[in-house]
Amino acid sequence: MKVIKQNVPMVDSLKEHLQNKELVPFLQQHLDEADKYNTPKFQRFTDTDMMVWFLHHQSNIDRKKDRSDRTIREYEKELSLFVEQLVQYANDINLDIDNIIEGSLFKSLQTRHLRRYQEWLVSRSPYVLKNKKYSPATIERKTTIIKSFFSFLYKEGYINEPIHFGLKKATVRLDERPNRDLGPQEVEFILDAFKDSKHFIMFSIVYVLVTTGIRNEEFCKLQVKDLKKDTILGGYYLDVLGKGNKRRHVPLKSKVIDSIKMFRNVRGISHNETAEPSAPLFCTNSGKHYSPSYLSQYVSKEINKMYIERKGENIKVTPHYFRHAFAIISRLNQVDVHDIKRSLGHERLETTEIYLTKVFEKENHAIHSWKPGSLGEYI
């Protein structure tokens, strides 16, 4: 497989290269020239050019409706890792490529190569050999990104065959999804524990997450100006920027507003009336926005520490668990599933239903239809 390493100079600093949005105008110029002179569209593009174009070119006139920055970063990470592994472990994957076509790895791949890579990934990759196993959700995510990229290459005519069909389906069954269910009693326990210990930072974070159902990333992006007065119903709401750069209004209970003020008091920052509008609504002790990864680690660490102290248990609870808790508590309060879907900002009802699988199972259990006396005096 030396031919791959010699002819495809795309591994060194690949991640850094893929993050270079400044290349997009130059690539657009190549496309314009191809259009002007009626030459093949991507004739002057390399494999890395195609990756940059796939990740960063603007397909919608409104930039806000394209992929979010978070999604782009996720695609960058997975695609760069995919290429690095193809090159580094070519022999182990069995990439039986005799010649690199036009200096392009992507043009040289065939259906069997993607299938072999996927099989290698789940059975013999370094991560797996360390006695670990990719979760079904991770395999699904990796497969979706790679399939999306090679489907793009085929539709644009950069490669001649739809080799993405070589990837096997990686659908996650409901019973394979991690259990993220927190009911009202468990959430109350967490809130009480942080309130009793006067850990008002964690109390406020959990309180806002569970009463709004917003995503980790949405919480981290919130600015002071996103907390707004509701001139229709009264009170306040959060103007939340969600997935796909779509906004939704999330009403706040009065006690939640109090917890936000308490958070800012503990941090020693001004109340919203005098604060800089673009400043973080929730900030770290250095005054900066939380990053999604840091917030997730911080919440997990503090909750686990509290559970060890109070129950002697190790437990993993991330911010996303409280999004599930919002859905569960809403359903227990007889909220229609379509209203829960809209409140969470879900695109598909099926996603919301996944959050509520166990609630539905219990709601629809046959025992609830037993009439008094069905088992004599015992029912």
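Now for a quick tour of the structure.

Looking now at the nonpolar core. Ranked by internal contacts, the top residues of the largest apolar core, which has 45 residues, are Phe-82, Phe-106, Leu-109, Phe-149, Phe-150 and Leu-153. It is helix H10 (residues 136-155) that contributes the most residues to this core, seven residues altogether. If near-sequence neighbours (up to four positions away) are discounted, Phe-150 is found in contact with Phe-82, Phe-106, Leu-109, Leu-114, Ile-159, Ile-163 and His-164. Core analysis: the second largest hydrophobic core is formed by 41 residues, Val-187, Tyr-207, Tyr-307 and Tyr-321 among them.

We now examine the sheet that holds strand S1 (residues 227-229). If you walk across this open sheet you meet the three strands as S1-S2-S3, and the pairing is antiparallel. Unpaired on one side and paired on the other, S1 and strand S3 (247-252) mark the two borders of the sheet. The sheet shows a mean angle of 35° between the axes of neighbouring strands, direction not considered. When S1 meets strand S2 (residues 236-241), the two strands line up antiparallel, connected through three bridges. Looking at S2, one finds that Lys-228 is bridged to Tyr-237. Contacts from helix H14 (residues 254-267) reach S1, S2 and S3 within the one sheet, and its direction differs from that of S3 by about 100°.

Further remarks concern the pairing of S2. Between the antiparallel neighbours S1 and S2 lie six residues, among them Gly-234 with a positive phi of about 85°. Hairpin remark: S2 followed by S3, antiparallel, with five residues in the connecting loop; positive phi at Gly-244, about 65°.

Side chains carrying opposite charge are able to pair once their charged atoms draw close together. Under the criterion given, the structure shown has 23 salt bridges. With a shortest N-O distance of 3.2 Å, Arg-331 and Glu-363 are connected by a salt bridge. Taken together, the positions of Arg-331 in helix H16 (residues 319-332) and Glu-363 in helix H19 (residues 357-363) put the pair 32 residues apart, joining distant regions of the chain. Via salt bridges that share partners, Glu-74, Glu-78, Arg-141 and Lys-142 belong to a single interconnected network.

About the criteria used
Residues numbered from 1 in each chain as written. Predicted model: local features only at pLDDT ≥ 70, side-chain atom pairs only at ≥ 80, totals over all residues. Heavy atoms only, no water. Core = buried A, V, L, I, M, F, W, Y, C linked by side-chain atoms within 4.5 Å. Buried < 20%, exposed > 50% of the residue type's maximum accessible area, 1.4 Å probe, protein only. Helix = DSSP H or I, 4+ residues; strand = E, 2+ residues; numbered from the N terminus. Contact = heavy atoms within 4.5 Å. Pairing = 2+ DSSP bridges. Axes fitted to C-alpha atoms, helices over the stretch in contact; angles between N-to-C directions. Salt bridge = Lys/Arg side-chain N within 4 Å of Asp/Glu carboxyl O.

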